[in-house]
Amino acid sequence: MYDAIVIGAGPAGLQAALTLGRMHRSTLLLDSGEYRNGTVLHMHNVIGNDGTPPAEFRATARTQLGAYDDVEVRDVRVESVRGTEGDFTLTLSDGSTAAGRNIILATGVIDDLPEVEGLSALWGTRAFACPFCDGHEHAGRPIAILGGAARAEHLIGMLGRIVSEITVIPVEGSFTAEEVASLEGHGARVSGSAVVAVAATDAGVVVRTSDAEHTVDGVFVASGTMHQRAPFAAQLELRMLESGAIEIDDFGRTSAPGVFAAGDLAHRAALPGPMAAVMMAATAGQLAAVGIIQSLLAGGH
């Protein structure tokens, strides 16, 4: 039986496995090969790795984990998790099972994008959600924001000092006169009709509405939600937050003893939502690993 099983091998899971390995705790890291930033060409706002391709980052981390005899990495999907603290059993997609005293959920989330033709194909390369991760790359060039007025105003506040021009385009319907006035008051141009489709060009992105085309350098999405990538929170009946994320404490503990969560699938109740950032995810993974060490010591292991 492993001291800890880490489900998910993005930044949170990789860091958790590293921390556990350095403490000589038997650890199994399970990698399904699916990642929220799987389509992203380069990570940004990651000190020491600014501009590094996510796949390269993961490969380097996997190589470094190979130096720790207590860490085993398997490329396999987890189908189900059952059990209680000290005795969890995981059923894997290859038909095998794995047992652990504690588990860390680090499977992340899936973005629910607006149903706009062409948008999913541009996600992570020409279409984005996070100004911290992708805003600087459009410095001095025009962008479009797709979505609701309130979230668009928030993005304008962050991106307005970076880009040359912002056009806000509704995903459906049209903005009210008050919304148009407010958006224009924040310095944006406002489309009178909703987006129909987006497509990449050599110059950037063409955003087509029913009555116009807007050529921009990139697109930011101001609408859409997210959901858990894996069913484990439901299987384990974990306490959830309004954001759709798992509720955790400062050390990643969930409402179920022995179950920890790290990364953008979880956050503390005091926060409005998870922050989709590599550094934040890695930090959460480290804290969850520390929480497991504390739990093991308290249990006499």
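One can find the structure itself at the top, above this paragraph.
Residues numbered from 1 in each chain as written. Predicted model: local features only at pLDDT ≥ 70, side-chain atom pairs only at ≥ 80, totals over all residues. Heavy atoms only, no water.

Asker: Go over the sheet that holds strand 13 (residues 204–209), please, and point to the residues and values.
Answerer: Strand pairs in the sheet, formed through backbone hydrogen bonds, run parallel or antiparallel to each other. Strand order in the open sheet formed by three strands is 12-13-14, with antiparallel pairing between adjacent strands. Bordering the open sheet on either side are strand 12 (195–201) and strand 14 (213–216), each of which pairs with just one other strand. Strand-to-strand, the axes of this sheet are offset by a mean angle of 20°, without reference to chain direction. With four bridges connecting them, strand 13 and strand 14 associate as antiparallel partners. Paired with V207 across the two strands is H214, which belongs to strand 14. (Pairing = 2+ DSSP bridges. Helix = DSSP H or I, 4+ residues; strand = E, 2+ residues; numbered from the N terminus. Axes fitted to C-alpha atoms, helices over the stretch in contact; angles between N-to-C directions.)

Asker: Tell me about the sheet that holds strand 8 (residues 127–128), residues and numbers included.
Answerer: One open sheet holds the five strands; their spatial order is 8-15-9-10-11, and the pairing between them is parallel. Edge positions in the sheet fall to strand 8 and strand 11 (189–190), since each has one partner strand and no second. Across the sheet, helix 5 (residues 149–159) lies against strand 9 (142–147), strand 10 (165–169) and strand 15 (218–222), angled at about 135° from strand 15, the strand it touches most. (Contact = heavy atoms within 4.5 Å.)

Asker: How would you summarise the environment of R62 if you had to cite specific residues and measurements?
Answerer: Among the secondary structure elements, R62 is positioned in helix 2 (residues 54–65). Put simply, R62 and S255 are 193 residues apart on the chain and 30 Å apart in space, counted from C-alpha to C-alpha. With residues up to four places along the chain from it excluded, the contact list for R62 reads L14, D31, V73 and D75.

Asker: Residues and numbers for helix 1 (residues 11–22), please.
Answerer: Between its first and last C-alpha atoms helix 1 spans 16 Å; for 12 residues at 1.5 Å apiece the expected length is 16 Å, and the two agree. Burial analysis of helix 1 places nine of its 12 residues in the buried class, which makes it a mostly covered element. When helix 1 is considered as a whole, its buried residues turn out to be P11, A12, G13, L14, A16, A17, T19, L20 and G21. Taken together, the buried residues of helix 1 touch strand 1 (2–7), strand 2 (27–30), helix 2, strand 3 (71–74), strand 6 (97–105) and helix 8 (278–298). Trailing helix 1 by a residue or two, H24 shows a phi angle of about 55°, which is positive. (Expected span 1.5 Å × (residues − 1). Buried < 20%, exposed > 50% of the residue type's maximum accessible area, 1.4 Å probe, protein only.)

Asker: Summarise empty space enclosed by the protein; cite the residues concerned and give the values.
Answerer: Per the counting criterion, the structure on display carries one cavity of 30 Å³ or more. Space inside the largest cavity adds up to approximately 40 Å³. Looking at the largest cavity, the residues that line it are G10, P11, Y35, N37, M43, P54, F57, R58 and V278. With three residues, helix 2 is the single largest residue contributor to the lining of the largest cavity. Of the residues that constitute the lining of the largest cavity, the class distribution is six nonpolar, two polar and one charged. (1 Å grid on protein atoms, 1.4 Å probe; cavity = no way out; pocket = protein on both sides within 12 Å on 5 of 7 lines; lining within 4 Å. Points joined across faces, edges and corners; volume = space filled by probe spheres on them. Nonpolar A, V, L, I, M, F, W, Y, C, P; charged D, E, K, R; others polar.)

Asker: Describe the packing of aromatic side chains, and please don't skip the residues or the numbers.
Answerer: If you walk through the whole model with that rule in mind, you get one aromatic pair. Ring geometry for F128 and F220: centres 5.7 Å apart, planes at 45°, overall tilted. Note that F128 is positioned in strand 8 and F220 in strand 15, a separation of 92 residues in sequence. In this structure F128 comes out as buried when scored by relative accessible area, which is 7%. (Phe/Tyr/Trp six-rings, centres within 6.5 Å; stacked < 30°, edge-to-face > 60°.)

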